[in-house]
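# Structural overview
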Amino acid sequence: MTNHLVLITVVCYLVSFGGYTAFLATARRAFGRLGTWMLITGLACHYWALIERSRSSHTVPYDDLYGSLSLFAWLLAATYLGLQLFHRNRSVGAFVLPFVIAVFALAQGPPAASPTPPPAQGPLLALHITLNVLGYAAFALSFVLSGIYLVQNRLLRNRRLGSMVWRFPALETLEKMSRSSVIVGLVSLSVGIAFGLLWVNRIFGRYWNGDPKEIITLVILAVYAGYLWLGRTGSWRGARASALCVFNFIFVLFSYSIVNLYLSSFHRYF
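Note that the structure is a prediction, hence the values are computed from the model and not measured.

## Here's the deal with the overall build of the protein chain
Counting its regular elements, the protein chain contains 8 helices and 0 strands. Taken from N to C terminus, the helices and strands of the protein chain fall in the order α-α-α-α-α-α-α-α. For the protein chain, buried positions account for 49% of its 270 residues. Sequence-distant contacts in the protein chain: of pairs separated by 6 or more residues, those separated by 24 or more amount to 79%. When the accessible surface of the protein chain is summed, it comes to about 13100 Å², and 67% of that surface belongs to carbon and sulfur atoms.

In structure tokens, the structure reads:
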């Protein structure tokens, strides 16, 4: 059952990518609607694939690296869909879906062999992990949007204007979408951290352990809060703010990979 759900999810995401790409190339609304509806269908199938993965391994779907990556891909797609509906713009779907498909493909490994040992379980921990991964997914989306901003800004400055460039969102819209994504990430990560501190205190009797994951997470909050603050000033708006947002994603990648795998003592894949 899980394999069928994975296959259907991949097909839905690929068709969604095709729809968004055709919309960008032709500006026909039918292609844009196709991309959106196939993305919604893919999200539904992806969700059930996560549930089936959890049932087959008798544990949460993010208990191993593959499950964590799959949850990341699902939240990335869901965050983009929410941002698209909020800003009413489908022009960047063709650039977001390749990241969703790539991460989802990387996530197709065997589920965890054994359930998560106590005390690493419970709704408080589940909320902590889900919100943290949502924050990372939102920052990944802001990275993509800021990258599009920088490329489009360079093309406009060099007057290398193709027909597809005119169908991109305006630079101001891209900046607003990136800022919205960062706000989602900051709120999610802040609430996720709060749940994590409560969980740590319940288990160990203290709120802070000095774990490298805790430190790098505070750094991530600081650099993205700095992006929002600097982006409001005249000298940092536009390309500078977008370049800073792209640079900030290095900390997210470092946290999600090196810190989780090699430095943290009790954080594994989130």
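That covers the picture; the talk isn't over yet.
## Quick look at unusual backbone geometry
We note that A27 has phi near 65°; this positive angle belongs to a residue other than glycine. In this model, R88 sits at a positive phi of 55°, which is unusual for a non-glycine residue. Looking at the secondary structure, you find R88 in the loop between α3 (65-87) and α4 (93-106).

## Examining the packing of helix α6 (residues 171-204) against helix α7 (residues 212-231)
Where α6 contacts α7, the two axes come as close as 10 Å, and the packing angle between them is 145°. For the element pair α6 and α7, the recorded crossing hand is left-handed. Contacts from E175, S178, R179, V182, I183, L186, L189, S190 and I193 in α6 reach T217, I220, L221, Y224, A225, Y227, L228 and G231 in α7. In terms of residue class, the contact of α6 with α7 is made up of 11 nonpolar, 4 polar and 2 charged.

## Description of the packing of aromatic side chains
Each pair of aromatic rings is reported with the distance of its centres and the angle of its planes. For the coordinates displayed, the defined rule picks out 9 aromatic pairs. When the ring of F143 is compared with that of F249, the centres are 4.8 Å apart and the planes differ by 20°; the resulting orientation is stacked. Highlighted residues: F143 in helix α5 (residues 123-157) and F249 in helix α8 (residues 239-263), separated in sequence by 106 residues. When the ring of F247 is compared with that of F251, the centres are 5.9 Å apart and the planes differ by 85°; the resulting orientation is edge-to-face. Residue F247 and its partner F251 are both found in helix α8; the two are separated by 4 residues, about one turn of the helix.

## Remarks on the nonpolar core
Counting residues in hydrophobic clusters, the biggest one holds 64 residues, and the most contacted among them are Y13, L39, F72, F139, V182, I220 and Y224. Sorting the residues of this core by element identifies α1 (2-26), α2 (29-57), α3, α4, α5, α6, α7 and α8 as the ones contributing at least two each. Among the elements that make up this core, the one with the highest residue count is α5 (15 residues). In contact with Y224, not counting residues within four places along its chain, are F139, S142, V182, L186, C245, N248, F249 and V252.

## Some thoughts on a nonpolar patch on the surface
A grouping of L65, F254, I258, L261, Y262 and L263 is seen on the molecular surface, where their side chains present a nonpolar patch of about 560 Å² in accessible area. Among the elements that take part in the nonpolar patch, α8 stands out by supplying 5 residues, more than any other.

## Considering the packing of α5 against α6
Packed helices, taken two at a time, are described by the angle their axes make and the gap between the axes. Packing of α5 against α6 brings their axes to within 7 Å, and their N-to-C directions diverge by 160°. Judged on the interaxial angle alone, α6 and α5 are roughly antiparallel. For the element pair α5 and α6, the recorded crossing hand is left-handed. Here the contact of α5 with α6 is built from residues that sort into 24 nonpolar, 13 polar and 2 charged.

## Some words on the side chain of S178
Structurally, S178 is set in helix α6. You can call S178 buried: its relative accessible area is 2%. S178 has contacts with S142, L145, S146, Y227 and C245, leaving out every residue within four places of it along the chain.

## Overview of the state of the cysteines
Here the structure, examined in full by the defined rule, presents 0 disulfides. For the unlinked cysteine C45, the closest cysteine sulfur is that of C12, found at 4.7 Å. Under the relative-accessibility criterion, C45 is labelled buried at 14%.

About the cut-offs
- Residues numbered from 1 in each chain as written.
- Predicted model: local features only at pLDDT ≥ 70, side-chain atom pairs only at ≥ 80, totals over all residues.
- Heavy atoms only, no water.
- Helix = DSSP H or I, 4+ residues; strand = E, 2+ residues; numbered from the N terminus.
- Buried < 20%, exposed > 50% of the residue type's maximum accessible area, 1.4 Å probe, protein only.
- Contact = heavy atoms within 4.5 Å.
- Areas by Shrake-Rupley, 256 points an atom, 1.4 Å probe, with all protein chains shown as cover.
- Axes fitted to C-alpha atoms, helices over the stretch in contact; angles between N-to-C directions.
- Left-handed = near helix turned anticlockwise from the far one by under 90°.
- Nonpolar A, V, L, I, M, F, W, Y, C, P; charged D, E, K, R; others polar.
- Phe/Tyr/Trp six-rings, centres within 6.5 Å; stacked < 30°, edge-to-face > 60°.
- Core = buried A, V, L, I, M, F, W, Y, C linked by side-chain atoms within 4.5 Å.
- Patch = residues over 30% accessible without salt bridge, like charges linked within 9 Å, V, L, I, M, F, W, Y side chains within 5 Å.
- Salt bridge = Lys/Arg side-chain N within 4 Å of Asp/Glu carboxyl O.
- Parallel < 35°, antiparallel > 145°, perpendicular 65-115°, else oblique.
- Disulfide = S-S within 2.5 Å.

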